[in-house]
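Overview (structure and organization)
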Amino acid sequence: MNRRESIAGLAALSLSLQAGRLYAAPDAGSRLLVVFLRGGYDSASLLVPTASSFYYESRPDIAIAKPSSDLASCLPLSDGWGLHPALRESLYPYFKGGELAFVPFAGTHDVSRSHFETQDSIEMGQALDGHKNYNSGFMNRLATVLKGSTPMSFTEQLPVIFQGDAKVPNTVLKSLAKPSVDARQSSIIASMYQGSPLMGHVADGFMVRDGVLRELSAEMDAANRNAIAAKGFELEARRIARLMKDSYNLGFVDVGGWDTHVYQGAATGYLASRFDELGRGLAAFAQEMGAAWRTTTVLVVSEFGRTFRQNGNRGTDHGHGTVAWVMGGGVQGRRIAGEQVHVEQSTLFQNRDFPVLNEYRSVLGGVFRQQFGLSPEQVDYVFPGAKPLDLKLL
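Because the structure is predicted, anything quoted here is derived from the model rather than measured. (Residues numbered from 1 in each chain as written. Predicted model: local features only at pLDDT ≥ 70, side-chain atom pairs only at ≥ 80, totals over all residues. Heavy atoms only, no water.)

Looking at the nonpolar core
Judged by nonpolar contacts, the single largest core of 61 residues is most densely connected at V35, F102, L282, F285 and W325. With residues up to four places along the chain from it excluded, the contact list for F102 reads L46, L47, L77, L83, F95, V323, A324, W325, R335, I336 and A337. Residues F162, V168, L364 and F368 belong to the second largest nonpolar core, which totals 39 residues. (Core = buried A, V, L, I, M, F, W, Y, C linked by side-chain atoms within 4.5 Å. Buried < 20%, exposed > 50% of the residue type's maximum accessible area, 1.4 Å probe, protein only. Contact = heavy atoms within 4.5 Å.)

Looking at the sheet that holds strand β4 (residues 47-49)
Reading across the sheet, the three strands line up as β4-β6-β5 and stay open at both edges, with antiparallel pairing between neighbours. Each of the sheet's edge strands pairs with one partner strand only, and the pair in question is β4 and β5 (75-76). Note that β5 and strand β6 (residues 81-83) share two bridges and pair antiparallel. Bridging from a neighbouring strand, P76 pairs with G82 of β6. (Pairing = 2+ DSSP bridges. Helix = DSSP H or I, 4+ residues; strand = E, 2+ residues; numbered from the N terminus.)

Considerations on the side chain of T297
Looking at where T297 falls in the secondary structure, it is placed in strand β10 (residues 296-302). By relative accessible area, T297 is classed as buried at 0%. Of the polar contacts made by the side chain of T297, one reaches the side chain of Q371; its length is 3.4 Å. (Polar contact = N/O pair within 3.5 Å; in protein donor to acceptor, adjacent residues only side chain to side chain.)

Section: the confidence of the model for the chain
When the pLDDT values of the chain are averaged, the result is 86; 79% of them are 70 or greater. Contacts for the low-pLDDT stretch residues 219-231, under 50 throughout, to residues beyond four places or in other chains number eleven contacts. (pLDDT = per-residue confidence, 0-100.)

Points about the pattern of salt bridges
Oppositely charged side chains can form a pair if their charged atoms are brought close together. This structure, assessed with the given rule, holds 15 salt bridges. One network of salt bridges, in which partners are shared, links E234, R238, R242, D276, R280 and E288. (Salt bridge = Lys/Arg side-chain N within 4 Å of Asp/Glu carboxyl O.)

Some details on the pairing of strand β11 (residues 322-328)
When you tally the buried positions in β11, you get seven out of seven residues, the bulk of the element. As defined by bridge partners, strand β7 (residues 100-107) adjoins β11 across five bridges and the pair is classed as antiparallel. Residue pairing in the sheet places V103 in a bridge with A324 of β11. Pairing of β10 with β11, which is carried by four bridges, proceeds in the antiparallel orientation. What sits directly across from V300, in β11, is W325.

What about helix α6 (residues 138-145)?
The α-helix winds at 3.6 residues per turn, so residues separated by three or four positions along the chain end up facing the same way. Taken across its eight residues, α6 has eight buried, putting it largely inside the fold. If you check which residues of α6 are buried, you get F138, M139, N140, R141, L142, A143, T144 and V145.

Looking at the packing of aromatic side chains
Per the stated rule, a full pass over the model turns up 18 aromatic pairs. Ring centres of F308 and F354 lie 5.5 Å apart, and the angle between their planes is 65°; this geometry places the pair in the edge-to-face category. Here F308 is found in the loop between β10 and β11, whereas its partner F354 is found in the loop between β12 (335-336) and β13 (358-359), with 46 residues between them in sequence. A residue is classified by how much of its surface remains accessible, and F354, at 5% relative accessible area, is buried. Their ring planes at 15° and their centres at 5.8 Å tell us that F368 and F383 sit as a pair that is stacked. Placement of F368 in helix α12 (residues 360-372) and of F383 in the segment after α13 (376-382) is noted, with a sequence separation of 15 residues between them. When its relative accessible area of 0% is taken as the criterion, F383 is described as buried. These aromatic residues form a ring-pair network of at least three members: F54, Y55, Y56, W81, F105, F308 and F354. Seen from the ring of F308, R59 lies directly overhead, with NZ or CZ sitting 5.8 Å from the centre. The ring of W258 has R274 lying over it, and the distance from NZ or CZ to the ring centre is 5.2 Å. (Phe/Tyr/Trp six-rings, centres within 6.5 Å; stacked < 30°, edge-to-face > 60°. Lys NZ or Arg CZ within 6 Å of the ring centre and 35° of its normal.)

The structure is reproduced here in structure tokens:
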């Protein structure tokens, strides 16, 4: 049975009502990783509007040149768009191979331009005009809808996106090493909570930690012999893949360092290095997933984009619309998807930013509906009041 037949079968399943909520059993092979770029990355450097002369006028120091034989120029995509050259070796092959798509003019209608406020707003996934519940993130609600799902947050603390009724463990992998608490100490700590309401939580915490270390012990030994040369996100992404292909079907990781107010660079420089690291990490994740990549989807989002014009410090400031990435073995890629407008001064939001034409809850809701066969009621539970967009990305 192929992926599309599996999804069609899921959509045809009858749903049971439990505790007033609709549940669905997820496809056992379907996996989702959400990558959050914290800091608001400059999407106009990632996905370059090469057909816009206004882009080159607005960015005399940081614009990426139109596609040419020069390796510093952007990579040709389609419909007047180009890709940052730092992704030439890592992600460009996935785009050309049909496993990567971009959705420009995406984001939230929140206009606070505050990192923390907008990040929380996106992670909650709730309507902007309603009561904010910081204890209910959209990935937790997705895990609740998908009965039998196995979520994991690859972060030091449980983020807002995974807060909620479903029980979600978290573990950080970027600096994985020998645990600070050994088995004997774990036993002593657990005995201290024996008979208390926290006993179960403490035991579960140690069990998750021990399971992660057990599954990654071989990789850790290899790293000690310098077998893995890659650093940063690439190593972390490989570790995430090794866990997700065997144990978890919903994952979340955040990557910081995207707040480029000063000297962000163009084809080279600070931002280019970040794109290179991220691209190598995502490519490593895909490779490490092996056969499971065929039914895995990766979503890359950020809280907002950045100002279209460069600032006086050859950087960019907090903006509005951004570009979402959809990547995976079953993605109908090699496309720039969603509603678009020609980039010029008259189409900017408040004469400074990309507008939001593809609301992120609608974009993600459409992906979730296709990937997991969610009903309209289930999508509405994950993203209350949002209308899922059928961008035919899966």
